[in-house]
Amino acid sequence: MKPGSMAAQGSSAAGGAIAHGWASPDFAPAAEAFAKVLASGAELGAACCVYYQGEPVLDMWGGVARLPDQAPWTADTLIPVFSISKGVSALCVLTLVDQGVIDLDEPLARYWPEFAVHGKDVITVREALAHRAGVPALDGEVSFADLRDTVACSARLAAQEPAFTPGSSHLYHALTIGWITSELVRRVTGLSLGRFFRDRIAARLDLDIWFGLPAEQAGRVGSVEPPELSGFIRELCPPGSLPWRAITLNGLLPLELAGPGTGFNDPRVQSVEMAGGNGIATARSLARLYAATMAPLNGDRLLSSATIADACRPVSTGPMWGTEVEGPNWGAGIMLPSPMQPMLGDGSFGHDGAGGSLAFAHPASGISFAYVRNRMAAGGIIDPQVYAVIDALGSCIAQAGGKS
């Protein structure tokens, strides 16, 4: 337990779990909210971490990490975080922007000339990161062997004709955005995104976040339990449709994204670098990562305030191309507040993940937040479990601010 902190354990209800961990006294309401969520039985297993002005103030976990063996969720349990990965990979790009190596408003083809074919020469880095490149799915069959060659997948994507005029609209690039960020990083640094993240960010900040999970870490990973697919999702993603192709890699992965040993629970998927969706992390490290974008951690700050402000300029909002479905609000690779994902309001930036996990920063308050889980929620609504904790942070921020 941290010095000056309080133990944060809740009593479990029938079918619920006990919360373990700690919180500083000023953040007791958020700790109590998380403990109540676990005790209610709404989660199988989950973890939550909060940083305030560069310091950890809440670190909690509880429940079951894996149903097959009933392994408990521990302080160091890793879990697939799905599209939270996109926010992490976007931060890799933004560190290079901060260093002056990449210009968000230059054509992507300046750094990746092969991408310029079929009218894709006009798309800027900023627009591509905001899901406007027009290549939301990879053409042709995709195998597990293909996933092991990130450079080849990126080359296939660069050679494709776009599904819509690049820059004219936006459509969620569910997994292909990872090949865009990966190749952009590789072209300017010579490193794969996974290696760049490990060497240039994770090692600096002592982060337990992985793109391409080493075999020796596999025993720490929890398994994800998907929900029954809603009629809305089945209607939006019929087999063979562009959204279905984008999410499943043309049928390689299940539409539910995970099952017993399948999809993102499959060690073959977890072992490759797929920056659009297969990050594996702890809540503690995600909150720490976002904290480092706002304040120095051990004297090391990841991004300047100017870079954050520029990256948070809205680029893509409103209905997605070819649909009447409102998409998320996008800046340069990062998710901005929207009615379905308000985070802590204006100025927040981060990314959610399939099933309801969420990680973000809110510079105005100095809060960074991460909530990860393994019982996936249906999505499409403000998640009641996650936002029970976020809502409680409001009173915590006011209380902590009054003492500063």
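Residues numbered from 1 in each chain as written. Predicted model: local features only at pLDDT ≥ 70, side-chain atom pairs only at ≥ 80, totals over all residues. Heavy atoms only, no water.

## A short note on a nonpolar patch on the surface
Moving on, step 1. A contiguous nonpolar patch, built from Met-340, Ile-381 and Ile-382 and spanning about 280 Å² of accessible area, is present on the exposed surface.
Moving on, step 2. By secondary structure assignment, the location of Ile-381 is in the loop between strand E15 (367-373) and helix H14 (384-403).
Moving on, step 3. A relative accessible area of 55% means that Ile-381 is categorised as exposed. (Patch = residues over 30% accessible without salt bridge, like charges linked within 9 Å, V, L, I, M, F, W, Y side chains within 5 Å. Areas by Shrake-Rupley, 256 points an atom, 1.4 Å probe, with all protein chains shown as cover. Salt bridge = Lys/Arg side-chain N within 4 Å of Asp/Glu carboxyl O. Helix = DSSP H or I, 4+ residues; strand = E, 2+ residues; numbered from the N terminus. Buried < 20%, exposed > 50% of the residue type's maximum accessible area, 1.4 Å probe, protein only.)

## Here we look at the sheet that holds strand E6 (residues 79-80)
Moving on, step 1. Taking strand neighbours across the sheet as the criterion, the three strands line up as E6-E10-E7 in an open arrangement whose pairing is antiparallel. Strands with a single pairing partner mark the edges of an open sheet, and in this sheet they are E6 and strand E7 (209-210).
Moving on, step 2. The pairing of E6 with strand E10 (residues 280-281) spans two bridges and is antiparallel. Bridge pairing in E10 places Ile-79 opposite Ala-281. (Pairing = 2+ DSSP bridges.)

## Some points on the nonpolar core
Moving on, step 1. Core analysis: the largest hydrophobic core is formed by 86 residues, its most contacted members being Leu-108, Ile-180, Phe-197, Ile-201, Leu-249, Leu-286 and Leu-289.
Moving on, step 2. At nine residues, the largest contribution of residues to this core is made by helix H2 (residues 84-98).
Moving on, step 3. If sequence neighbours within four positions are ignored, Phe-197 has contacts with Val-88, Cys-92, Ala-202, Ala-203, Leu-207, Ile-209 and Phe-211.
Moving on, step 4. Counting 36 residues, the second-largest nonpolar core is a separate cluster that includes Ala-17, Val-37, Leu-58 and Met-343. (Core = buried A, V, L, I, M, F, W, Y, C linked by side-chain atoms within 4.5 Å. Contact = heavy atoms within 4.5 Å.)

## Points about the environment of Leu-252
Moving on, step 1. Looking at the secondary structure, you find Leu-252 in the loop between helix H10 (242-248) and strand E8 (258-259).
Moving on, step 2. Along the backbone, Leu-252 and Glu-141 are 111 residues apart, and their C-alpha atoms lie at a distance of 8.4 Å.
Moving on, step 3. What Leu-252 contacts, discounting residues up to four positions off in sequence, is Val-142, Ser-143, Phe-144 and Leu-147.

## A look at the layout of surface pockets
Moving on, step 1. In this structure, the second largest pocket encloses a volume near 320 Å³.
Moving on, step 2. Along the wall of the second largest pocket there are 19 residues; nearest its centre are Val-221, Ser-223, Asn-265, Pro-267 and Gln-270.
Moving on, step 3. Here the residues of the lining of the second largest pocket sort into ten nonpolar, seven polar and two charged. (1 Å grid on protein atoms, 1.4 Å probe; cavity = no way out; pocket = protein on both sides within 12 Å on 5 of 7 lines; lining within 4 Å. Points joined across faces, edges and corners; volume = space filled by probe spheres on them. Nonpolar A, V, L, I, M, F, W, Y, C, P; charged D, E, K, R; others polar.)

## Details of the packing of helix H6 (residues 150-159) against helix H7 (residues 176-189)
Moving on, step 1. Look at H6 against H7: their axes get within 9 Å of each other, and the N-to-C directions meet at 110°. As far as their axial angle goes, H7 and H6 are roughly perpendicular. Contacts between H6 and H7 involve Thr-150, Val-151, Cys-153, Ser-154 and Leu-157 on the former and, on the latter, Thr-176, Trp-179, Ile-180, Ser-182, Glu-183 and Arg-186.
Moving on, step 2. The residue makeup of the contact of H6 with H7, split by class, is five nonpolar, four polar and two charged. (Axes fitted to C-alpha atoms, helices over the stretch in contact; angles between N-to-C directions. Parallel < 35°, antiparallel > 145°, perpendicular 65-115°, else oblique.)

## Some words on the packing of aromatic side chains
Moving on, step 1. Evaluation of the coordinates by the stated rule reveals nine aromatic pairs.
Moving on, step 2. With a centroid separation of 5.6 Å and 50° between ring planes, the pair formed by Phe-27 and Tyr-52 is classed as tilted. Here Tyr-52 lies in strand E3 (residues 45-52) and Phe-27 lies in the loop between strand E2 (19-23) and helix H1 (28-39), a separation of 25 residues in the sequence.
Moving on, step 3. For the pair Tyr-172 and Trp-330, a centre-to-centre distance of 5.9 Å together with 15° between the ring planes defines the contact as stacked. Placement of Tyr-172 in the loop between H6 and H7 and of Trp-330 in strand E11 (residues 329-330) is noted, with a sequence separation of 158 residues between them.
Moving on, step 4. By relative accessible area, which is 1% here, Trp-330 ends up buried.
Moving on, step 5. A cation over an aromatic ring shows up here: Lys-120 above the ring of Phe-115, its NZ or CZ 5.0 Å from the ring centre.
Moving on, step 6. Here the basic side chain of Arg-268 rests over the ring of Phe-144, its NZ or CZ set 3.7 Å away from the ring centre. (Phe/Tyr/Trp six-rings, centres within 6.5 Å; stacked < 30°, edge-to-face > 60°. Lys NZ or Arg CZ within 6 Å of the ring centre and 35° of its normal.)

## Side note on the pattern of salt bridges
Moving on, step 1. Evaluation of the coordinates by the stated rule reveals 19 salt bridges.
Moving on, step 2. The salt bridge partner of Asp-76 is Arg-284, with a shortest N-O separation of 3.3 Å. Of this pair, Asp-76 sits in the loop between strand E5 (71-72) and E6 while Arg-284 sits in helix H12 (residues 283-291), placing them 208 residues apart in sequence.
Moving on, step 3. For Arg-284, a relative accessible area of 25% corresponds to the partly exposed category.
Moving on, step 4. Here Arg-187 ties to Glu-114 by a salt bridge, and the two come within 3.0 Å at their closest N and O atoms. With Arg-187 in helix H7 and Glu-114 in the loop between helix H3 (108-111) and helix H4 (125-129), this pair connects stretches of sequence that are 73 residues apart.

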